[in-house]
Every structure is written in C-alpha cells, then in structure tokens.
Amino acid sequence: MPPTKVFAPLLPVFALVLAAAPACNPPSPAPADDPPEVVVGERLFLETRFAQFFAANGGSDVNQPLASGDPVLDVLATTADARTNPFAGKSMNCRVCHLVDESPDPGTTGTRTYADFARRSPIPDRGDGRTHTPRNSPPLVNASLARDENTFLHFDGEFPGGEDLVVGTFTGRNFGWLPDERAQAVAHIARVIRADDGTDPLAVSCYGLSYTTILAGTSPAIPQTCRLPEALRLDVNAVSDEQVVRGAAAVVAAYMGALVYQQDAAGQYIGSPFDRFLILNGLPRQPEAGETGVDYARRLRAALAALPAPKLLDNPVVLAFEHHDQAFAFGADELAGLRVFLGEPAGAAPTVDEIAAGGIGNCIACHAPPHFTDFGFHNSGVAQEDYDGVHGAGAFAALAIPGLPERQAAPASFLPPSALYPTGAGPFLAQPSAANPGLTDLGVWNVLGNDAVPGAQATLAATLGRETGVTDMAQLLPLAIARFKTAGLRDLGQSAPYFHTGGAAELDAAVMHYVTTSAAARASSVRNGDPELSRVALTADDVTALTAFLRALNEDYD
C-alpha cells in the first residue's frame, strides 16, 4: 500500500509560470475551489508590467512583451550557486522574492512558502547603489493571520496592513521605483490595468478577460471562479489612478490573507508531524477563548507531562512528505525537542544548575504555538551578531546611534529614503559593510517616530509601549534598536535561510545562535537585548533535539 500524502492545503494556489521561461508549461484556468479574490489576486501578484523597468522599456502598448528583460532577473540568486530564474525575460513582480513552485531548473528543487533562496534579494539597479534588499525576504504563508491586537507587516512593522504593504511594494524600490517617482509609479500601474486587453499569459487564469472587466466584476462573461465579491470590485475608468492602485492592492491583500498552513474546518492545524502527534495523543491543539498563546503553551506542557507514555508518530506507510527530504515522523528526538521548546526556568532567571543542565528553550516567550509567533517585536541579538561578524566583538555595542532630537534635526542623514526624504541616507537600514562601519540594520528604529511612515505610528508606539512599559517617544526610540518582528516557525524547511539577515543557512545554526546569545545576554553583552534572551539555557544536546522538533513543524505546503 503506497503512502498517503498529507492533506492538501484548504486554499491551494495554482502555479502560474510565465511564457518567458520556455521550460515551463503555460498557465491554466483557475481551479474551481479557489475563491475569486485568490484567483485574481494571484494574477496581480504575478504581474510583471507594474515595474519601473517595464515602464521605461515596454513601449506605448502595455500588451506587448519586452524585447529583453530586466538583467536582475537573468538568474535566480541562492545561498549557493545562481540558478535559472523562472521570470527571466520579464520585469520585477511580487513572486520573484516570494516563490512557491516555479522551478524550470531542477537545481531550484523544492517548493517555497512564498520566500526566495537568497540571503538578501536582488532588486533592479537604478544607479543609487542599492542592488539588494537590506533584509531576507520573509515567507508570506501565515503572514496575514488575524491578530488579537495590532497588525504589522515587514520585519520593522512599516506597514499596518496588507493593502499598504502591496501599494508600498508596487510603487517602491523593490519594483525599481526611486523614492521621488511615486507619482510616476501610480500613473504607470493604473495605465497598465486600464489598458490591459487580456492577452498577457497571466490572463489565462481568468479566461482571457482584461483587468478592466475582471475588476468591475459585472460582465456576464466573467465565470464565477473569477467574479470578485462586491467589496473588491472597481470601475477603473471612473476613479483616480491612486484608487486604481489601491483597488488592485486590496485584491492582492485578500489573496495574501488566503495563504495559510493546512487547517481543518475548526481552524486547527493538521499539516505537520507535530500537529498529528497532538491529535494522536489527544493533546490540546489551540488556545481556549481568552487564553494567551503562552498560557496555552504552558497548558500543553502540563498535559504532555501528565502522559505516562506519549504515542509517537513513526509509521511512514501512513504518512509521507513530498516536498521534504525527511520522514513524516514525530519520534523520541522530536519529543525531546518539544520539551525543550516548551521549557521555562523556574524563576525570573535560570539558576546556575539550570544553566548547566540545559533543556530550557524559553521559546514560547516569543514563539508560542499554535502559530509559533507572537507577532511582536524583539531584539534577539541577530543584528548585533551580523554587525560584529564584520567589525569584531563589541563593535555594535560601541556604534553611535542618534537619539530622537538628533534624528529629528537631520532626518535625511539617518532615515531611509522615502517620498518625504528622497535623499535619505538610510545608514541604519543597510547591510553591514567592512568599508563603512556606519552601516547596519536597526529594524523598528527606522520606522518608530519616522513621519515618512505615518500609517504605522500610533499602533507601533502603542505596541512597543506595552512591551516595554515606556510611552515617551524620546525614551522609547532607543528601546526600538535592533527589534524585529517575530518570525513564524512553521514549515521552515521551505524558507531557508533564516533571520532577517539570512545569516543562518541551516536550522541548527539558527538554534545555535540562541546558545551563544543567551550567554551573552546573561553577561549584559547584548545591546538592547530582549529580557527573555537571558532566560534561555541550552546545551549542545538541546540543539540537536530542538532542531529535530523544528523540522517536525514542516509540512507539504504546495
């Protein structure tokens, strides 16, 4: 009897591969089980004509393909050798940095959870010295989950929602637009949407219908699989360019909201060996009403401890992975790792004996199940490790970082480029460089109190104020140094490399970071380090077990 595959995602996304990649099959009409906003949203997500390169090189007819593509897409960057880019011959789109199953070259094996393969993603060269994103591209699956509190997207919380994120991406530097070109970007994107005639290969997913027809949502020619709900419909010829762009972004945001890991009808996860282990043992699988993630994790820990002999998941005949080179199992190593993951010190800080014994991951402080993220902002020492790796131990601690008055006096000297500060130097949203010791990435520091990012300010200040107990902006800004949004831990096998720096190529390296950084935190050697860091106590054996558990959170997202 052949193995039975893990359940397919409830909201699968259809793979569209552009005609420019000759090894790929042409796209197919949308599957009937995808909601219309997913179908149309993915078409816009894959759209390559919104980029500045297309505006500059595409000619007067937006329906004609480029004579040659943006050179940045000639190859697909990875942490190893460059491979064939599935979008070669085109211009930038969202999918370039958030891949799923586009793999015309067998060398790009495996699917992605809407992430790419690079430490930092290549972006179009506009002669401003910026050729890569300053950060690793985060996976988008589960990124838009509903929160109990405020929603933030991007590592630094720059965007308070999906629509803002999409507009910022369409009109931003990743698509090749310079900070003072936003008006041109909006006008160009609106022109592409209005002038599209449905002959682009992506339109096959909607039966060759134009954006004007699809977004209006009223034509009898639109099949139900592509008929948008009324709330997302838009007459593109009756509204402003800005409204056209925002309308398209709203559809993409709805599509992103459908990117979730496998769940049952009750909203409980079912796709990973960990999830099946909980089911097999009758263990609690999600928080009760009003219960925090941390409290749920503690309840799970107690329930697990009460089991005299937990049943292990180790029958490959029943379940098997398709996209991961590992058994679909939850055995003794994974169970040991789960116990480490759930472990906390008995008191406010681990004792000498607890540190020596290890087994305390304190992971639930930021990564409580079932989502394995608190959606908050923490400084886990990654930025310091990245900077000190270039400039030597202690360099980050000694780095001169302006306070609020100094930053307000010369914002363009310290803040990233934006429409408000188009000449922004952005030294603190950059990759560390041996040639320039003033470059690093301070995460939330770049956004908090930055009047070029007004949409995030109130909720971001409230969130950080709650996390730190500080509300005065001048006092709060230093506490934002090197804070980054907590990443989720599900299906890490399809989103390497790890951290906002992409600095950990493998899971065990990511876990080992917390061994060294927790010791540094207890020695007060992590600048603005999260207090929870010092509560971690891991040994080398714990690294092996914890890595095994994290691999048990993998699933076949496809």
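Higher on the page you've got the structure.
Here goes a summary of the coordinates provided. Predicted model only: the values in this text are computed from it and were never measured. (Residues numbered from 1 in each chain as written. Predicted model: local features only at pLDDT ≥ 70, side-chain atom pairs only at ≥ 80, totals over all residues. Heavy atoms only, no water.)

1. Quick notes on the overall build of the protein
Helix and strand content of the protein: 19 helices and 6 strands. Expected size for 558 residues packed as a compact globule is a radius of gyration near 24 Å; at 24 Å, the protein falls within 12% of this value. Sorting the 558 residues of the protein into buried and exposed places 55% on the buried side. A fraction of 65% describes how many contacts in the protein between residues 6 or more apart in sequence connect residues 24 or more apart. Only carbon and sulfur atoms are counted for the fraction: they give 55% of the accessible area of the protein, which is about 22100 Å². Side-chain charges of the protein comprise 36 positive and 62 negative groups, with the mean position of each set lying 2 Å from the other. (Helix = DSSP H or I, 4+ residues; strand = E, 2+ residues; numbered from the N terminus. Rg over C-alpha atoms; globule rule 2.2 N^0.38 Å. Buried < 20%, exposed > 50% of the residue type's maximum accessible area, 1.4 Å probe, protein only. Contact = heavy atoms within 4.5 Å. Areas by Shrake-Rupley, 256 points an atom, 1.4 Å probe, with all protein chains shown as cover. Lys, Arg positive; Asp, Glu negative; His and termini not counted. Charge placed at Lys NZ, Arg CZ, Asp CG, Glu CD.)

2. Focus: the packing of helix H9 (residues 332–342) against helix H19 (residues 540–551)
In the contact formed by H9 and H19, the axes pass within 7 Å of each other and the chain directions differ by 100 degrees. As summarised for this structure, H9 and H19 are arranged roughly perpendicular, according to the angle between their axes. On H19, the residues that touch Asp333, Glu334, Ala336, Gly337, Leu338, Val340 and Phe341 of H9 are Asp542, Ala545, Leu546, Ala548, Phe549 and Leu550. Among the residues forming the contact of H9 with H19, the class breakdown is 9 nonpolar, 1 polar and 3 charged. (Axes fitted to C-alpha atoms, helices over the stretch in contact; angles between N-to-C directions. Parallel < 35°, antiparallel > 145°, perpendicular 65-115°, else oblique. Nonpolar A, V, L, I, M, F, W, Y, C, P; charged D, E, K, R; others polar.)

3. Looking at the environment of glycine 293
Along the chain, glycine 293 turns up in helix H8 (residues 293–305). Its relative accessible area of 26% is what places glycine 293 among the partly exposed residues. Non-local contacts of glycine 293, meaning those with residues more than four positions away in its chain, are made with Ala368 and Pro369.

4. Observations concerning helix H6 (residues 241–257)
The α-helix advances 3.6 residues per turn, and as a result positions three or four apart in sequence lie on the same side. Over its 17 residues, H6 extends 24 Å from the first C-alpha to the last, a length consistent with the 24 Å expected when each residue adds 1.5 Å. For H6, every residue scored as buried is listed here: Val244, Val245, Gly247, Ala248, Ala249, Ala250, Val251, Val252, Ala253, Tyr255 and Met256. Taken together, the buried residues of H6 touch helix H1 (36–46), helix H3 (162–170), helix H4 (182–195) and helix H5 (211–216). (Expected span 1.5 Å × (residues − 1).)

5. A word on empty space enclosed by the protein
In the structure shown here, the tally under the stated rule is 3 cavities of 30 Å³ or more. Roughly 80 Å³ of internal volume is contained in the largest cavity. Leu76, Ala77, Asn85, Val96 and Pro122 are, among the 14 residues lining the largest cavity, the residues nearest its centre. Here the residues of the lining of the largest cavity are counted per class, giving 11 nonpolar, 2 polar and 1 charged. (1 Å grid on protein atoms, 1.4 Å probe; cavity = no way out; pocket = protein on both sides within 12 Å on 5 of 7 lines; lining within 4 Å. Points joined across faces, edges and corners; volume = space filled by probe spheres on them.)

6. Remarks on the layout of surface pockets
Taken as a whole, the second largest pocket holds about 910 Å³ of empty space. Together, 36 residues line the second largest pocket, and Asp148, Gly293, Thr373, Asp374 and Phe375 are the ones closest to its centre. Breaking the lining of the second largest pocket down by element, the ones donating at least two residues are H8, helix H11 (364–367), strand E5 (377–378) and helix H16 (457–468). Considered class by class, the residues forming the lining of the second largest pocket number 14 nonpolar, 11 polar and 11 charged.

7. Here we look at H8
Between its terminal C-alpha atoms H8 stretches 18 Å, which fits the 18 Å expected from 13 residues at 1.5 Å a residue. Among the residues of H8, Tyr296, Ala297, Leu300 and Leu304 are the ones counted as buried. On an axial view of H8, the arc spanned by its buried residues comes to 100 degrees, and they lie on one face. Contact partners of the buried residues in H8: helix H7 (273–281), H9 and H11. (Arc of directions from axis to C-beta.)

8. Here we look at the environment of serine 68
In this fold, serine 68 is placed in the loop between helix H2 (52–57) and strand E2 (75–76). Serine 68 sits 180 residues away from alanine 248 along the chain, and the two C-alpha atoms are 26 Å apart. If sequence neighbours within four positions are ignored, serine 68 has contacts with Phe53 and Gly89.

9. Side note on the side chain of asparagine 281
Looking at the element boundaries, asparagine 281 is found in helix H7. On the accessibility criterion, asparagine 281 (13% relative accessible area) is buried. Look past the residues within four positions of asparagine 281 in its chain and what remains in contact with it is Leu307, Pro310 and Lys311.

10. Focus on unusual backbone geometry
A cis amide bond links proline 369 with the next residue in sequence, proline 370, at an omega value of 5 degrees. Its location among the elements puts proline 370 in the loop between H11 and E5. Even without glycine at this site, asparagine 142 takes up a positive phi of about 70 degrees. Of note, asparagine 142 is situated in the loop between strand E3 (83–84) and H3.

11. Details of the pattern of salt bridges
Using the criterion set out here, one finds 27 salt bridges in the structure. Arginine 49 is the partner of aspartate 196 in a salt bridge, and the nearest nitrogen-oxygen pair spans 2.8 Å. Placement of aspartate 196 in the loop between H4 and H5 and of arginine 49 in the loop between H1 and H2 is noted, with a sequence separation of 147 residues between them. Exposure remark for arginine 49: the relative accessible area of 3% places this residue in the buried category. Ionic pairing is found between aspartate 200 and arginine 49, a salt bridge with its closest N-O pair at 3.9 Å. (Salt bridge = Lys/Arg side-chain N within 4 Å of Asp/Glu carboxyl O.)

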